[in-house]
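Listed here are the chains, written in short residue letters.
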Amino acid sequence: IEEGEFYVGDLVGLTAVDNAGEILGTVEETFETPAHEILVVRKEGDVLYVPFTLEHVPEVDLDARRVVVRPPEG
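The structure presented is a predicted model; accordingly, all values stated were derived computationally and were not measured.

**Comments concerning the nonpolar core**
Of all hydrophobic cores here, the largest spans 11 residues; its members are V8, L11, L14, A16, V27, L39, V41, V50, V57, V67 and V69. If we skip the residues at most four places from it in the chain, V8 touches T30, E37, L39 and F52.

**What about a nonpolar patch on the surface?**
A contiguous nonpolar patch, built from F31, V47 and Y49 and spanning about 270 Å² of accessible area, is present on the exposed surface. Tracing the backbone shows V47 in strand 4 (residues 46-51). V47 sits in the partly exposed class, given a relative accessible area of 37%.

**Quick look at the confidence of the model for the chain**
Mean pLDDT for the chain: 93, with 99% of residues reaching 70 or above. Ranking the helices and strands of the chain by mean pLDDT puts strand 1 (residues 15-17) first, with 98, and strand 5 (residues 59-61) last, with 95.

**As for unusual backbone geometry**
A positive phi angle is found at E44, which is not glycine, with a value near 50°. The class for E44 is exposed, based on a relative accessible area of 76%. Positive phi values are uncommon outside glycine, yet R65 reaches one of about 60°. With respect to the element layout, R65 can be found in the loop between strand 5 and strand 6 (66-68).

**As for the side chain of H56**
In this fold, H56 is placed in the loop between strand 4 and strand 5. Excluding residues that lie within four positions of it along the chain, H56 makes contacts with V50, P51, V68, V69, R70, P71 and P72.

Reading the values: the criteria
- Residues numbered from 1 in each chain as written.
- Predicted model: local features only at pLDDT ≥ 70, side-chain atom pairs only at ≥ 80, totals over all residues.
- Heavy atoms only, no water.
- Core = buried A, V, L, I, M, F, W, Y, C linked by side-chain atoms within 4.5 Å.
- Buried < 20%, exposed > 50% of the residue type's maximum accessible area, 1.4 Å probe, protein only.
- Contact = heavy atoms within 4.5 Å.
- Patch = residues over 30% accessible without salt bridge, like charges linked within 9 Å, V, L, I, M, F, W, Y side chains within 5 Å.
- Areas by Shrake-Rupley, 256 points an atom, 1.4 Å probe, with all protein chains shown as cover.
- Salt bridge = Lys/Arg side-chain N within 4 Å of Asp/Glu carboxyl O.
- Helix = DSSP H or I, 4+ residues; strand = E, 2+ residues; numbered from the N terminus.
- pLDDT = per-residue confidence, 0-100.

Next comes the structure, spelled out in structure tokens:
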């Protein structure tokens, strides 16, 4: 892979935070759909499914071990 690129599987284990920096959980797995990859974020029994798109995951920081997510409405 090229500089600055990564595999979606590299996101497993990263902390997911919202735009304000509040922890939403940990990326525990990913899976592929016909449209795009999905990040599965878990925190204390709650599960959040986040499409891996620029709209919903605007920032990935592998060095800081975190991703910024904007969960889908609903």
